[in-house]
Amino acid sequence: MARPDPKRSSLSANGRRPSARELALETCLAVQQGHSLADCLEPAPKRLDSERDRAFCSELSYGFCRRCFLLRDILRQRLDRPLKPRDRDVETVLLLGLYQLRYTRVSDHAAVNESVKLLQQLGKRWARGLVNAVLRGYLRQPDRRCGLEEAAACYPGWMRRRIEQDWPEQADDLLLAGNRRAPMTLRVDLARLSREQALHRLAGVGIEAHAHARVDTALVLDRPRAVDALPGFAQGLLSVQDAAAQLAAPLLDPRPGDRVLDACAAPGGKTLHLLQYCPDLDLLALDKDAERLQRVRENLDRGGAQACLRVADAGEPDSWHEGRSFDRILLDAPCSASGILRRHPDIRLLRQDADIPALANQQRRLLEALWPLLRPGGRLLYATCSIFREENELQIADFMQRHPDSVEVTPNAVQWGEKRPFGRQLFTGDQDMDGFFYALLEKAESP
Ligand SMILES: C[S@@+](CC[C@H](N)C(=O)[O-])C[C@H]1O[C@@H](n2cnc3c(N)ncnc32)[C@H](O)[C@@H]1O
(Lines give C-alpha, C1' and ligand atoms only; values in the text may rest on other atoms or scores of the structure.)
Protein backbone atom coordinates (compact mmCIF):
# COMPACT_ATOMS: atom_id res chain seq x y z
CA MET A 1 0.00 0.00 0.00
CA ALA A 2 1.27 3.47 -0.85
CA ARG A 3 2.70 5.61 1.89
CA PRO A 4 0.41 8.40 3.19
CA ASP A 5 1.20 11.76 1.67
CA PRO A 6 2.56 13.89 4.52
CA LYS A 7 1.65 17.08 2.64
CA ARG A 8 -1.99 16.15 2.98
CA SER A 9 -1.79 15.73 6.71
CA SER A 10 -3.51 18.43 8.74
CA LEU A 11 -0.63 18.15 11.20
CA SER A 12 1.98 19.48 8.82
CA ALA A 13 -0.34 21.43 6.54
CA ASN A 14 1.20 24.76 7.49
CA GLY A 15 4.53 23.67 6.03
CA ARG A 16 6.60 23.70 9.24
CA ARG A 17 8.49 20.63 10.34
CA PRO A 18 6.45 18.34 12.59
CA SER A 19 7.46 17.47 16.14
CA ALA A 20 8.25 13.84 17.06
CA ARG A 21 4.80 13.51 18.67
CA GLU A 22 3.04 14.96 15.64
CA LEU A 23 4.82 12.61 13.30
CA ALA A 24 4.07 9.66 15.60
CA LEU A 25 0.39 10.66 15.63
CA GLU A 26 0.35 10.93 11.83
CA THR A 27 2.08 7.53 11.58
CA CYS A 28 -0.28 5.79 14.01
CA LEU A 29 -3.31 7.20 12.17
CA ALA A 30 -1.91 5.98 8.85
CA VAL A 31 -1.26 2.48 10.24
CA GLN A 32 -4.87 2.34 11.45
CA GLN A 33 -5.89 3.15 7.88
CA GLY A 34 -3.96 0.14 6.60
CA HIS A 35 -0.49 1.53 5.84
CA SER A 36 2.63 -0.29 6.95
CA LEU A 37 4.54 1.18 9.90
CA ALA A 38 7.93 0.78 8.21
CA ASP A 39 6.68 2.59 5.07
CA CYS A 40 5.22 5.43 7.13
CA LEU A 41 8.41 5.89 9.14
CA GLU A 42 10.76 5.72 6.17
CA PRO A 43 10.65 9.49 5.51
CA ALA A 44 10.95 10.30 9.25
CA PRO A 45 14.72 10.91 9.19
CA LYS A 46 14.25 13.75 6.69
CA ARG A 47 11.27 15.24 8.48
CA LEU A 48 12.66 15.36 12.01
CA ASP A 49 15.57 17.51 13.11
CA SER A 50 17.45 15.46 15.64
CA GLU A 51 18.42 11.88 16.34
CA ARG A 52 16.61 12.23 19.67
CA ASP A 53 13.35 13.21 17.93
CA ARG A 54 13.68 10.32 15.50
CA ALA A 55 14.20 7.86 18.33
CA PHE A 56 11.23 9.26 20.26
CA CYS A 57 8.94 9.18 17.22
CA SER A 58 9.97 5.59 16.57
CA GLU A 59 9.47 4.60 20.22
CA LEU A 60 5.96 6.09 20.25
CA SER A 61 4.95 4.61 16.89
CA TYR A 62 6.29 1.11 17.53
CA GLY A 63 5.03 1.15 21.10
CA PHE A 64 1.57 2.26 19.99
CA CYS A 65 1.32 -0.62 17.50
CA ARG A 66 2.62 -3.13 20.03
CA ARG A 67 0.23 -2.07 22.80
CA CYS A 68 -2.70 -0.67 20.82
CA PHE A 69 -5.24 -3.38 21.70
CA LEU A 70 -4.48 -3.13 25.42
CA LEU A 71 -4.55 0.69 25.31
CA ARG A 72 -7.88 0.67 23.46
CA ASP A 73 -9.28 -1.62 26.15
CA ILE A 74 -8.04 0.70 28.89
CA LEU A 75 -9.58 3.68 27.08
CA ARG A 76 -12.90 1.91 26.48
CA GLN A 77 -13.26 1.35 30.22
CA ARG A 78 -12.78 5.05 30.87
CA LEU A 79 -15.12 6.58 28.32
CA ASP A 80 -18.86 6.94 28.91
CA ARG A 81 -19.44 6.25 25.24
CA PRO A 82 -17.09 5.43 22.36
CA LEU A 83 -15.68 8.25 20.27
CA LYS A 84 -17.16 8.71 16.80
CA PRO A 85 -15.28 7.22 13.84
CA ARG A 86 -14.48 10.74 12.62
CA ASP A 87 -12.66 11.32 15.91
CA ARG A 88 -10.16 8.52 15.39
CA ASP A 89 -7.47 11.24 15.61
CA VAL A 90 -8.62 12.26 19.11
CA GLU A 91 -8.72 8.61 20.14
CA THR A 92 -5.17 8.15 18.86
CA VAL A 93 -3.97 11.19 20.82
CA LEU A 94 -5.48 9.55 23.91
CA LEU A 95 -3.87 6.18 23.19
CA LEU A 96 -0.48 7.77 22.60
CA GLY A 97 -0.90 9.72 25.85
CA LEU A 98 -1.73 6.52 27.73
CA TYR A 99 1.26 4.83 26.12
CA GLN A 100 3.57 7.56 27.38
CA LEU A 101 2.15 7.39 30.90
CA ARG A 102 2.32 3.61 31.06
CA TYR A 103 5.45 2.69 29.15
CA THR A 104 7.86 5.63 28.88
CA ARG A 105 9.94 7.83 31.13
CA VAL A 106 8.28 10.96 29.77
CA SER A 107 7.14 13.01 32.76
CA ASP A 108 3.41 12.73 33.51
CA HIS A 109 3.09 16.47 33.16
CA ALA A 110 4.65 16.49 29.68
CA ALA A 111 2.65 13.47 28.50
CA VAL A 112 -0.64 15.16 29.44
CA ASN A 113 0.18 18.68 28.27
CA GLU A 114 1.74 17.65 24.98
CA SER A 115 -1.26 15.42 24.22
CA VAL A 116 -3.57 18.36 24.77
CA LYS A 117 -1.37 20.48 22.49
CA LEU A 118 -1.75 17.95 19.68
CA LEU A 119 -5.48 18.66 19.67
CA GLN A 120 -4.78 22.22 18.72
CA GLN A 121 -2.87 21.02 15.66
CA LEU A 122 -5.79 18.78 14.78
CA GLY A 123 -8.26 21.66 15.14
CA LYS A 124 -10.08 19.72 17.85
CA ARG A 125 -9.76 21.97 20.84
CA TRP A 126 -13.18 20.79 22.00
CA ALA A 127 -11.54 17.55 23.15
CA ARG A 128 -9.09 19.23 25.56
CA GLY A 129 -11.26 18.54 28.61
CA LEU A 130 -11.71 14.92 27.61
CA VAL A 131 -8.00 14.27 27.05
CA ASN A 132 -7.09 15.99 30.29
CA ALA A 133 -9.70 14.04 32.23
CA VAL A 134 -8.81 10.61 30.80
CA LEU A 135 -5.05 11.00 31.19
CA ARG A 136 -5.22 12.53 34.66
CA GLY A 137 -7.75 9.86 35.62
CA TYR A 138 -5.28 7.19 34.49
CA LEU A 139 -2.60 8.71 36.72
CA ARG A 140 -4.93 8.45 39.71
CA GLN A 141 -6.15 4.94 38.81
CA PRO A 142 -3.72 3.12 36.54
CA ASP A 143 -4.50 -0.21 34.92
CA ARG A 144 -2.76 -2.92 36.97
CA ARG A 145 -2.56 -5.72 34.43
CA CYS A 146 0.89 -7.26 34.10
CA GLY A 147 2.68 -10.38 32.89
CA LEU A 148 0.72 -12.77 30.71
CA GLU A 149 -2.60 -10.99 31.27
CA GLU A 150 -1.12 -7.76 29.95
CA ALA A 151 0.69 -9.51 27.10
CA ALA A 152 -2.44 -11.34 25.93
CA ALA A 153 -4.47 -8.11 25.93
CA CYS A 154 -2.00 -6.65 23.38
CA TYR A 155 -3.33 -8.96 20.63
CA PRO A 156 -6.51 -8.79 18.60
CA GLY A 157 -8.87 -11.52 19.84
CA TRP A 158 -8.69 -13.59 16.66
CA MET A 159 -4.89 -13.68 16.70
CA ARG A 160 -4.72 -14.67 20.34
CA ARG A 161 -7.28 -17.45 19.78
CA ARG A 162 -5.40 -18.75 16.74
CA ILE A 163 -2.12 -18.85 18.67
CA GLU A 164 -3.83 -20.64 21.58
CA GLN A 165 -5.58 -23.14 19.30
CA ASP A 166 -2.51 -23.89 17.18
CA TRP A 167 -0.04 -24.06 20.07
CA PRO A 168 -1.78 -24.79 23.39
CA GLU A 169 1.53 -25.63 25.06
CA GLN A 170 3.61 -22.80 23.66
CA ALA A 171 0.88 -20.12 23.55
CA ASP A 172 1.89 -18.27 26.74
CA ASP A 173 5.51 -18.01 25.64
CA LEU A 174 4.46 -16.95 22.14
CA LEU A 175 2.16 -14.22 23.47
CA LEU A 176 4.91 -12.88 25.72
CA ALA A 177 7.62 -13.14 23.07
CA GLY A 178 5.59 -11.39 20.37
CA ASN A 179 5.48 -8.22 22.50
CA ARG A 180 9.21 -8.05 23.11
CA ARG A 181 11.67 -6.10 21.02
CA ALA A 182 13.77 -8.23 18.70
CA PRO A 183 17.55 -7.94 18.77
CA MET A 184 19.34 -6.53 15.76
CA THR A 185 20.96 -9.53 14.08
CA LEU A 186 23.57 -9.44 11.33
CA ARG A 187 24.62 -11.94 8.72
CA VAL A 188 28.33 -12.20 7.98
CA ASP A 189 29.49 -13.08 4.47
CA LEU A 190 31.68 -15.94 5.63
CA ALA A 191 33.37 -16.21 2.22
CA ARG A 192 35.04 -12.85 2.88
CA LEU A 193 35.09 -12.45 6.65
CA SER A 194 34.98 -14.80 9.65
CA ARG A 195 32.61 -14.10 12.50
CA GLU A 196 35.58 -13.44 14.77
CA GLN A 197 36.94 -10.87 12.32
CA ALA A 198 33.52 -9.27 12.07
CA LEU A 199 33.23 -9.09 15.88
CA HIS A 200 36.69 -7.55 16.02
CA ARG A 201 35.78 -4.91 13.44
CA LEU A 202 32.57 -4.08 15.24
CA ALA A 203 34.39 -3.79 18.56
CA GLY A 204 36.84 -1.43 16.81
CA VAL A 205 34.02 1.08 16.30
CA GLY A 206 32.57 0.52 19.76
CA ILE A 207 29.80 -1.92 18.79
CA GLU A 208 29.32 -4.84 21.17
CA ALA A 209 27.98 -8.07 19.68
CA HIS A 210 28.11 -11.82 20.19
CA ALA A 211 28.01 -14.85 17.94
CA HIS A 212 24.58 -16.50 17.64
CA ALA A 213 24.61 -19.89 19.35
CA ARG A 214 22.80 -21.85 16.63
CA VAL A 215 23.32 -20.08 13.30
CA ASP A 216 26.92 -19.88 12.19
CA THR A 217 26.58 -16.79 10.00
CA ALA A 218 24.74 -14.73 12.64
CA LEU A 219 25.89 -12.04 15.07
CA VAL A 220 23.58 -10.41 17.60
CA LEU A 221 24.21 -6.76 18.50
CA ASP A 222 23.88 -5.59 22.09
CA ARG A 223 21.59 -2.82 20.84
CA PRO A 224 20.29 -1.65 17.46
CA ARG A 225 22.53 0.64 15.37
CA ALA A 226 22.12 2.57 12.15
CA VAL A 227 23.37 0.42 9.27
CA ASP A 228 25.78 3.19 8.19
CA ALA A 229 27.61 2.66 11.48
CA LEU A 230 28.34 -1.00 10.66
CA PRO A 231 31.83 -1.49 9.17
CA GLY A 232 31.45 -3.51 5.97
CA PHE A 233 27.71 -3.02 5.56
CA ALA A 234 28.10 -0.93 2.40
CA GLN A 235 30.20 -3.73 0.83
CA GLY A 236 27.77 -6.50 1.82
CA LEU A 237 30.20 -8.04 4.29
CA LEU A 238 27.49 -7.55 6.89
CA SER A 239 23.74 -7.59 6.26
CA VAL A 240 20.84 -7.10 8.64
CA GLN A 241 18.83 -10.33 8.83
CA ASP A 242 17.19 -12.31 11.61
CA ALA A 243 18.97 -15.56 12.44
CA ALA A 244 15.91 -17.64 11.46
CA ALA A 245 15.95 -16.11 7.97
CA GLN A 246 19.66 -16.99 7.69
CA LEU A 247 18.76 -20.68 7.70
CA ALA A 248 17.20 -20.56 4.22
CA ALA A 249 20.34 -20.56 2.05
CA PRO A 250 22.11 -23.48 3.82
CA LEU A 251 18.86 -25.46 3.86
CA LEU A 252 18.37 -25.04 0.12
CA ASP A 253 22.09 -25.71 -0.27
CA PRO A 254 22.51 -24.83 -3.96
CA ARG A 255 25.58 -26.18 -5.81
CA PRO A 256 27.87 -24.30 -8.24
CA GLY A 257 26.21 -23.94 -11.63
CA ASP A 258 22.71 -24.63 -10.29
CA ARG A 259 19.78 -22.90 -11.90
CA VAL A 260 17.93 -21.37 -8.95
CA LEU A 261 14.57 -19.62 -8.69
CA ASP A 262 13.94 -17.21 -5.82
CA ALA A 263 10.21 -16.89 -6.45
CA CYS A 264 9.22 -14.17 -3.95
CA ALA A 265 12.52 -12.40 -3.59
CA ALA A 266 11.99 -8.84 -2.36
CA PRO A 267 13.61 -7.15 -0.53
CA GLY A 268 16.32 -9.68 -1.32
CA GLY A 269 17.81 -10.66 2.03
CA LYS A 270 17.76 -14.33 1.08
CA THR A 271 18.70 -13.67 -2.55
CA LEU A 272 22.00 -12.09 -1.56
CA HIS A 273 22.58 -14.80 1.02
CA LEU A 274 22.08 -17.52 -1.63
CA LEU A 275 24.68 -15.84 -3.83
CA GLN A 276 27.10 -15.39 -0.95
CA TYR A 277 26.61 -19.02 0.03
CA CYS A 278 27.34 -20.14 -3.52
CA PRO A 279 28.36 -17.34 -5.92
CA ASP A 280 28.33 -19.44 -9.08
CA LEU A 281 24.55 -19.69 -9.50
CA ASP A 282 22.28 -18.99 -12.42
CA LEU A 283 19.71 -17.23 -10.25
CA LEU A 284 16.36 -15.78 -11.30
CA ALA A 285 14.73 -13.55 -8.67
CA LEU A 286 11.06 -12.70 -9.09
CA ASP A 287 8.74 -10.43 -7.24
CA LYS A 288 5.38 -9.12 -8.30
CA ASP A 289 6.04 -5.74 -6.71
CA ALA A 290 8.31 -3.62 -8.93
CA GLU A 291 9.17 -1.12 -6.20
CA ARG A 292 10.17 -3.88 -3.80
CA LEU A 293 12.16 -5.66 -6.50
CA GLN A 294 14.28 -2.52 -6.80
CA ARG A 295 15.40 -3.22 -3.24
CA VAL A 296 16.66 -6.63 -4.35
CA ARG A 297 18.81 -4.84 -6.93
CA GLU A 298 20.18 -2.51 -4.23
CA ASN A 299 20.94 -5.45 -1.97
CA LEU A 300 22.74 -7.38 -4.71
CA ASP A 301 24.70 -4.29 -5.77
CA ARG A 302 25.78 -3.79 -2.17
CA GLY A 303 27.16 -7.32 -2.10
CA GLY A 304 28.53 -7.18 -5.67
CA ALA A 305 26.33 -10.15 -6.61
CA GLN A 306 24.67 -10.94 -9.94
CA ALA A 307 21.20 -12.32 -10.68
CA CYS A 308 18.46 -11.93 -13.23
CA LEU A 309 15.61 -9.88 -11.72
CA ARG A 310 12.12 -9.86 -13.06
CA VAL A 311 8.79 -8.32 -12.02
CA ALA A 312 6.34 -11.19 -12.35
CA ASP A 313 3.62 -13.19 -10.68
CA ALA A 314 5.41 -16.38 -9.67
CA GLY A 315 2.04 -18.12 -9.76
CA GLU A 316 1.72 -17.54 -13.51
CA PRO A 317 4.85 -19.10 -15.03
CA ASP A 318 3.42 -18.85 -18.57
CA SER A 319 4.20 -15.13 -18.41
CA TRP A 320 7.89 -15.49 -17.42
CA HIS A 321 9.20 -19.05 -17.55
CA GLU A 322 11.30 -19.90 -20.56
CA GLY A 323 11.09 -23.66 -20.28
CA ARG A 324 14.32 -24.70 -18.53
CA SER A 325 13.67 -26.43 -15.24
CA PHE A 326 15.23 -25.36 -11.96
CA ASP A 327 17.60 -27.32 -9.71
CA ARG A 328 16.53 -25.37 -6.64
CA ILE A 329 13.47 -23.23 -5.85
CA LEU A 330 13.06 -20.98 -2.84
CA LEU A 331 9.43 -20.12 -2.16
CA ASP A 332 9.55 -17.57 0.67
CA ALA A 333 5.82 -17.22 0.50
CA PRO A 334 3.65 -14.19 1.25
CA CYS A 335 2.17 -14.95 4.69
CA SER A 336 0.55 -13.53 7.80
CA ALA A 337 3.96 -12.47 9.19
CA SER A 338 2.70 -13.67 12.57
CA GLY A 339 6.23 -14.83 13.42
CA ILE A 340 7.74 -11.37 13.12
CA LEU A 341 5.43 -9.35 15.35
CA ARG A 342 8.46 -8.31 17.40
CA ARG A 343 9.88 -6.47 14.40
CA HIS A 344 6.59 -5.51 12.77
CA PRO A 345 4.12 -4.87 15.58
CA ASP A 346 1.74 -3.19 13.09
CA ILE A 347 0.88 -6.68 11.76
CA ARG A 348 -1.63 -7.02 14.57
CA LEU A 349 -3.45 -3.94 13.25
CA LEU A 350 -3.09 -4.73 9.57
CA ARG A 351 -4.15 -8.40 9.46
CA GLN A 352 -7.63 -9.87 9.91
CA ASP A 353 -8.59 -13.47 10.64
CA ALA A 354 -10.09 -13.80 7.15
CA ASP A 355 -6.67 -12.99 5.64
CA ILE A 356 -5.26 -16.32 6.79
CA PRO A 357 -7.32 -18.64 4.53
CA ALA A 358 -6.83 -16.13 1.70
CA LEU A 359 -3.06 -16.25 2.24
CA ALA A 360 -3.17 -20.04 2.44
CA ASN A 361 -4.89 -20.05 -0.96
CA GLN A 362 -2.15 -17.85 -2.43
CA GLN A 363 0.53 -20.11 -0.98
CA ARG A 364 -1.20 -23.15 -2.41
CA ARG A 365 -1.46 -21.48 -5.83
CA LEU A 366 2.26 -20.64 -5.77
CA LEU A 367 3.28 -24.15 -4.72
CA GLU A 368 1.12 -25.66 -7.47
CA ALA A 369 2.52 -23.34 -10.13
CA LEU A 370 6.18 -23.78 -9.17
CA TRP A 371 6.39 -27.52 -8.53
CA PRO A 372 6.24 -28.46 -12.25
CA LEU A 373 9.25 -26.16 -12.88
CA LEU A 374 11.52 -28.21 -10.60
CA ARG A 375 13.64 -30.90 -12.23
CA PRO A 376 13.35 -34.47 -10.92
CA GLY A 377 15.84 -34.72 -8.06
CA GLY A 378 15.62 -30.96 -7.54
CA ARG A 379 14.64 -29.32 -4.25
CA LEU A 380 12.08 -26.72 -3.25
CA LEU A 381 12.33 -24.90 0.08
CA TYR A 382 9.02 -23.61 1.36
CA ALA A 383 9.42 -20.86 3.96
CA THR A 384 7.14 -18.52 5.86
CA CYS A 385 7.61 -16.10 8.75
CA SER A 386 4.35 -17.39 10.20
CA ILE A 387 3.50 -19.38 13.30
CA PHE A 388 0.06 -20.44 12.03
CA ARG A 389 -0.30 -24.11 11.16
CA GLU A 390 -2.67 -23.40 8.27
CA GLU A 391 0.11 -21.60 6.41
CA ASN A 392 2.81 -24.07 7.42
CA GLU A 393 2.61 -27.76 8.23
CA LEU A 394 -1.03 -28.07 7.12
CA GLN A 395 -0.20 -26.38 3.81
CA ILE A 396 2.65 -28.82 3.20
CA ALA A 397 0.62 -31.85 4.34
CA ASP A 398 -2.05 -30.86 1.84
CA PHE A 399 0.49 -30.28 -0.93
CA MET A 400 2.27 -33.59 -0.42
CA GLN A 401 -0.99 -35.45 -0.49
CA ARG A 402 -1.72 -33.99 -3.91
CA HIS A 403 1.85 -34.60 -5.15
CA PRO A 404 3.04 -38.19 -4.66
CA ASP A 405 6.29 -37.23 -6.40
CA SER A 406 7.23 -34.96 -3.48
CA VAL A 407 9.48 -36.32 -0.72
CA GLU A 408 10.17 -34.41 2.44
CA VAL A 409 13.89 -33.99 3.15
CA THR A 410 13.83 -31.28 5.84
CA PRO A 411 16.86 -32.13 8.02
CA ASN A 412 16.18 -33.46 11.49
CA ALA A 413 19.69 -33.35 12.91
CA VAL A 414 19.56 -29.60 13.54
CA GLN A 415 19.52 -27.56 16.70
CA TRP A 416 16.76 -25.12 15.91
CA GLY A 417 12.99 -25.24 15.83
CA GLU A 418 10.65 -28.14 16.45
CA LYS A 419 10.11 -31.06 14.13
CA ARG A 420 6.49 -31.12 12.97
CA PRO A 421 4.61 -33.82 11.05
CA PHE A 422 5.72 -31.79 8.01
CA GLY A 423 8.57 -29.29 8.18
CA ARG A 424 10.14 -27.55 11.18
CA GLN A 425 8.61 -24.72 13.16
CA LEU A 426 10.65 -22.02 14.86
CA PHE A 427 8.78 -20.25 17.64
CA THR A 428 9.05 -16.49 18.06
CA GLY A 429 11.80 -15.58 20.50
CA ASP A 430 13.32 -19.06 20.82
CA GLN A 431 17.09 -18.75 20.64
CA ASP A 432 16.69 -15.05 19.82
CA MET A 433 15.02 -15.89 16.51
CA ASP A 434 11.85 -14.87 14.70
CA GLY A 435 8.97 -17.31 14.23
CA PHE A 436 9.61 -19.15 10.97
CA PHE A 437 8.62 -22.33 9.21
CA TYR A 438 10.71 -24.36 6.77
CA ALA A 439 9.89 -27.46 4.75
CA LEU A 440 12.34 -28.86 2.22
CA LEU A 441 10.83 -30.99 -0.53
CA GLU A 442 12.60 -33.07 -3.15
CA LYS A 443 11.04 -34.13 -6.43
CA ALA A 444 11.33 -37.88 -6.88
CA GLU A 445 13.40 -38.99 -9.90
CA SER A 446 11.21 -40.45 -12.64
CA PRO A 447 11.11 -44.28 -12.45
C1 LIG B 1 8.10 -12.82 2.68
S2 LIG B 1 8.39 -11.66 1.44
C3 LIG B 1 9.88 -12.25 0.75
C4 LIG B 1 11.13 -11.88 1.54
C5 LIG B 1 12.40 -12.18 0.78
N6 LIG B 1 12.49 -13.54 0.34
C7 LIG B 1 13.64 -11.84 1.61
O8 LIG B 1 14.22 -12.72 2.23
O9 LIG B 1 14.04 -10.69 1.62
C10 LIG B 1 7.22 -12.12 0.23
C11 LIG B 1 7.36 -11.40 -1.09
O12 LIG B 1 6.51 -12.06 -2.01
C13 LIG B 1 6.07 -11.14 -2.95
N14 LIG B 1 4.93 -11.77 -3.63
C15 LIG B 1 3.68 -11.97 -3.16
N16 LIG B 1 2.94 -12.63 -4.06
C17 LIG B 1 3.74 -12.87 -5.13
C18 LIG B 1 3.55 -13.50 -6.38
N19 LIG B 1 2.38 -14.03 -6.70
N20 LIG B 1 4.58 -13.56 -7.24
C21 LIG B 1 5.79 -13.01 -6.91
N22 LIG B 1 6.01 -12.39 -5.75
C23 LIG B 1 5.01 -12.31 -4.86
C24 LIG B 1 5.77 -9.90 -2.13
O25 LIG B 1 5.78 -8.73 -2.94
C26 LIG B 1 6.92 -9.94 -1.11
O27 LIG B 1 7.98 -9.14 -1.56
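Counting starts from 1 at the beginning of each chain's written sequence and moves along it residue by residue. At least 70 in pLDDT is required for a residue's local features to be given in this predicted model, at least 80 for side-chain atom pairs to be given and counted, and no such filter applies to totals for whole chains, interfaces and linings, which use all residues.

Give me the lowdown on the overall build of the chain, citing residues and values where you can.
For the chain, the helix and strand inventory stands at 17 helices and 13 strands. Computation of the radius of gyration draws on C-alpha atoms, with the globule rule given as 2.2 Å multiplied by the number of residues to the power 0.38. Against the globule reference of 22 Å for 447 residues, the chain gives a C-alpha radius of gyration of 23 Å, in line with a compact fold. Along the first, second and third principal axes, the C-alpha set of the chain runs to 80 × 50 × 40 Å. Around each residue's C-beta, the other C-beta atoms within 10 Å are counted; 20 or more make the residue buried, 12 or fewer make it exposed, and counts in between make it partly exposed. All C-beta atoms are placed from the backbone. When the 447 residues of the chain are sorted by exposure, 45% land in the buried category. Secondary structure elements follow DSSP: runs of H or I of four or more residues count as helices, runs of E of two or more count as strands, with numbering from the N terminus.

If you had to explain the domain arrangement of the chain to someone new, which residues and values would you point to?
The split of the chain into domains comes from an automatic or database domain assignment. Under the domain assignment used here, the chain contains domain 1 (6-144), domain 2 (185-240) and domain 3 (245-443). One C-alpha centre belongs to domain 1, the other to domain 2; they are set 35 Å apart.

Tell me about unusual backbone geometry, residues and numbers included.
The omega torsion of the bond from A266 to P267 falls at 5°, within 30 degrees of zero and hence cis. With phi around 65°, A337 is a residue other than glycine that occupies positive phi space. A tally of 21 C-beta atoms within 10 Å means that A337 is categorised as buried. Of note, the phi angle at Q431 is positive, near 50°, even though the residue is not glycine. Tracing the sequence through the fold places Q431 in the loop between β12 (424-426) and β13 (436-443). Taking the number of C-beta atoms within 10 Å as the measure of exposure, Q431 has 15 and is therefore partly exposed.

Describe in detail the sheet that holds strand β4 (residues 238-240), supporting the description with residues and values.
In short, DSSP must find at least two bridges between two strands for them to pair. Sheet architecture is open: 4 strands sit in the order β2-β3-β1-β4, paired in antiparallel fashion. The open sheet has two edge strands with one neighbour each: β2 (209-211) and β4. For this sheet, the mean inter-axis angle between neighbouring strands, taken without regard to orientation, is 30°. Alignment of β2 against strand β3 (residues 218-221), held across 3 bridges, turns out to be antiparallel. With axes taken as lines fitted to C-alpha atoms, and helix axes fitted only over the stretch in contact, angles between N-to-C directions fall between 0 and 180 degrees.

Give me the lowdown on the site of the ligand, citing residues and values where you can.
Residues in contact with the ligand amount to 19 residues; listed here are only the nearest, C264, G269, K270, A314 and D332. Those elements that place two or more of their residues in the shell around the ligand are α13 (269-277) and β6 (282-287). Each residue is assigned to one class: nonpolar for Ala, Val, Leu, Ile, Met, Phe, Trp, Tyr, Cys and Pro, charged for Asp, Glu, Lys and Arg, and polar for all the others, Gly among them. Here the shell around the ligand is composed, by residue class, of 9 nonpolar, 3 polar and 7 charged. What makes a residue near a molecule or strand is its C-beta atom, placed from the backbone, lying within 6 Å of it.

Talk me through the pairing of strand β8 (residues 326-332); I want residue IDs and the actual numbers.
Of all the 7 residues making up β8, 6 are buried; the element is thus mostly covered by neighbouring parts of the structure. Of the strand pairs in this sheet, strand β5 (residues 259-262) and β8 are connected by 3 bridges, and their pairing is parallel. Residue V260 lies in a different strand from β8, and its bridge partner there is R328. Pairing between β8 and strand β9 (residues 374-384): 6 bridges, direction parallel. By the bridge assignment, L330 is partnered in β9 with L381.

Explain the environment of P376 to me, using residue names and the numbers behind them.
Along the polypeptide, P376 turns up in strand β9. In the structure, P376 is positioned 69 residues away from E445 in sequence and 4.6 Å away in space, judged by C-alpha atoms. Other than its neighbours up to four places away in sequence, P376 contacts K443, A444, E445 and S446. Residues are treated as contacting if the C-beta atoms built from their backbones sit within 7 Å of each other.

Could you give an account of the packing of helix α1 (residues 20-32) against helix α5 (residues 88-103), naming the residues involved and the relevant values?
Where α1 contacts α5, the axes come no closer than 10 Å and their chain directions differ by 120°. Considered as vectors, α1 and α5 are oriented oblique to each other. For α1 against α5, the interelement crossing comes out right-handed. Within the contact between the two elements, α1 uses A24, L25, C28, L29 and Q32 and α5 uses R88, D89, T92, V93 and L96. Throughout, the term roughly parallel applies to angles under 35 degrees, roughly antiparallel to angles over 145, roughly perpendicular to angles from 65 to 115, and oblique to all others. Rotating anticlockwise by less than a right angle from the far helix to the near helix defines a left-handed crossing, while the corresponding clockwise rotation defines a right-handed one.

With reference to specific residues and values, describe helix α14 (residues 290-303).
Any helix carries an expected span of 1.5 Å times its number of residues minus one. Under the 1.5 Å per step criterion, the end-to-end length of α14 is 20 Å for 14 residues, consistent within 8% with the ideal 20 Å. For α14, the set of buried residues is L293, V296, N299, L300 and G303. Looking straight down α14, one finds its buried side chains confined to an arc of 105°; they lie on one side. With respect to the buried face of α14, the exposed residues turned more than 90 degrees away are A290, E291, E298 and D301. Here the buried face of α14 lies against α13, β6 and β7 (308-311). G304, located one to two residues past α14, shows a positive phi value of around 65°. Regarding the arc, it is the one traced by the directions from the helix axis to the C-beta atoms.

Give a description of the packing of helix α4 (residues 51-78) against α5 that names residues and reports values.
Interhelical geometry of α4 versus α5 gives an angle of 100° and a closest axis separation of 9 Å. On the basis of their axis angle, the class for α4 and α5 is roughly perpendicular. Facing L60, G63, F64, R67, C68, L71, R72, I74 and L75 of α4, the residues of α5 in contact are L94, L95, L96, L98, Y99 and Y103. Per-class residue counts for the contact of α4 with α5 are 12 nonpolar, 1 polar and 2 charged.

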